[in-house]
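Results of the structural survey
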Amino acid sequence: MDTSRQLSQRNENTYHVIRASLVQAQQKLTSAVNSAMVTAYWEIGREIYRACGENDRAEYGKKLLTYLSEKLTAEFGQGYTVRNLRAMRQFYCCFPIWHTVCAELSWSHYRLLMRIPDEKIRFFYMDECAKSAWSVRQLERQINTMYYERILASRDKEAVAGEIQRLEPKPEYEKIVKDPYVMEFLQIQPDTHVFESDLEQALIDHLQQFLLELGRGFSFVSRQKRFTLDGQNFYIDLVFYNYILKCFVLIDLKMDVLTHQDLGQMQMYVNYYTRELMNEGDNPPIGILLCAEKNDAVVRYSLPENNNQIFASKYFTYLPTEEELKRELKLDDYKKIPD
């Protein structure tokens, strides 16, 4: 009869065999999807380049990209903003001959590679990345630490090449659905519930309902609105459009004391909406930062730069007052949240 220790070892061995099969399957899936996505985006970039030529920011180019963005988004979901379509065109311009593109690399890899203006250095990093199977984080670190210059200047090239595995170890496998570009390409809806706690989720639930019931022109747009800049994801807790003010209202909740980093991040959100998502005739978007503490709530508004006082006053006529927001954020209201 097997001993308890032998049974435990047998279970462990079975687990590792099964795990190896799943890791291998994930790697095959990752490779297949990345190859298809890179091919599709290169072809999209080629067709945009053929249609609008060298200058995609001329009048015809702008109209074409807007038209394509609207049509593709309606049929294929997120991922086809004007900004992303420009990136696909840039991808083709950086790698105009298909056989120079390495299908083993992901779109996230190429978004990093396209930042490198020197063609020779760009292809060096692409080749090294494919040969060494660098993860996206490893490639980013190598670029940021000037690996190209260091490897050329070093006598011990093997040591320089190998240090990335110590400084930025590559995960055994990368979960494919964690890549926002892959999720967009496959039309997978991301899990938007990225709240830090049940309390935070309850507060955002409550704020969403409160603003809609306020009756001052608020229309719900998005919850945990994600946007991606150079592969890094950002989430805005709540996004509304106020049809009286004709502007987006961005709301972010912080469970700790408000910091200058929080203010800077909200300003980035406002800038992003101003430059990428404002519609013709819109007023500049505004951001509201809420900071809930144990016994109180501190409310801060982060208005766009160069605002005049009259316009700010117009905003505050329709926005919830600081006292209203403080009342809605009282933590005592959420004591009954289940564990």
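This text goes with the structure placed above it.
Starting from 1, residues in each chain are numbered consecutively following that chain's sequence as written. Per-residue local features of the predicted model are confined to residues with pLDDT of at least 70, and side-chain atom pairs are confined, for both listing and counting, to 80 or more; whole-chain, interface and lining totals are unaffected and use all residues. For side-chain calculations, the full set of non-hydrogen atoms in the structure is used, while hydrogens and water are omitted.

Attention now moves to helix 1 (residues 4–52). Only DSSP runs of H or I with at least four residues qualify as helices, and only runs of E with at least two residues qualify as strands; both kinds are numbered from the N terminus onward. What a helix should span is 1.5 Å times the count of its residues minus one. Here helix 1 contains 49 residues, and its C-alpha end-to-end distance of 71 Å stays within 8% of the 72 Å for a straight helix at 1.5 Å per residue. Residue contacts follow a heavy-atom distance rule, with two residues in contact if any of their heavy atoms lie within 4.5 Å. Summarising the contacts, the buried residues of helix 1 are in contact with helix 2 (59–76), helix 3 (82–94), helix 4 (107–113) and helix 10 (180–185). Backbone geometry just after helix 1 places Gly53 at a positive phi near 70°.

A word on the pattern of salt bridges. Each reported salt bridge corresponds to a side-chain nitrogen of Lys or Arg within 4 Å of a carboxyl oxygen of Asp or Glu. Counted under the stated rule, the structure contains five salt bridges. Glu47 serves as the salt-bridge partner of Arg46, at 3.0 Å between the closest nitrogen and oxygen. Residue Glu128 is joined to Lys131 by a salt bridge in which the shortest nitrogen-to-oxygen separation is 2.9 Å. Taken together, the positions of Glu128 and Lys131, both in helix 5 (residues 119–132) and three residues apart, correspond to about one turn of that helix. Residue classification places Glu128 among the buried residues on the basis of a relative accessible area of 13%. Each of Arg46, Glu47 and Arg50 takes part in a single network of salt bridges with overlapping partners. Burial status follows relative accessibility: with a 1.4 Å probe on protein chains alone, a residue under 20% of its type maximum counts as buried, one over 50% as exposed, and anything between as partly exposed.

The next point concerns the nonpolar core. Counting residues in each nonpolar core, the largest one holds 41 residues, and the members touching the most others are Phe91, Phe95, Trp107, Tyr110, Leu113, Tyr125 and Met126. Broken down by secondary-structure element, the contributors of at least two residues to this core are helix 1, helix 2, helix 3, helix 4, helix 5, helix 7 (147–153) and helix 10. Broken down by element, the residue count for this core peaks at seven residues, all from helix 1. Residues enter a nonpolar core if they are buried and are Ala, Val, Leu, Ile, Met, Phe, Trp, Tyr or Cys, with the set joined through side-chain atoms within 4.5 Å.

Phi is positive for Met146, close to 55°, though the residue is something other than glycine. Structurally, the position occupied by Met146 is in the loop between helix 6 (136–144) and helix 7. On the basis of relative accessibility, which here comes to 45%, the residue Met146 falls in the partly exposed class.

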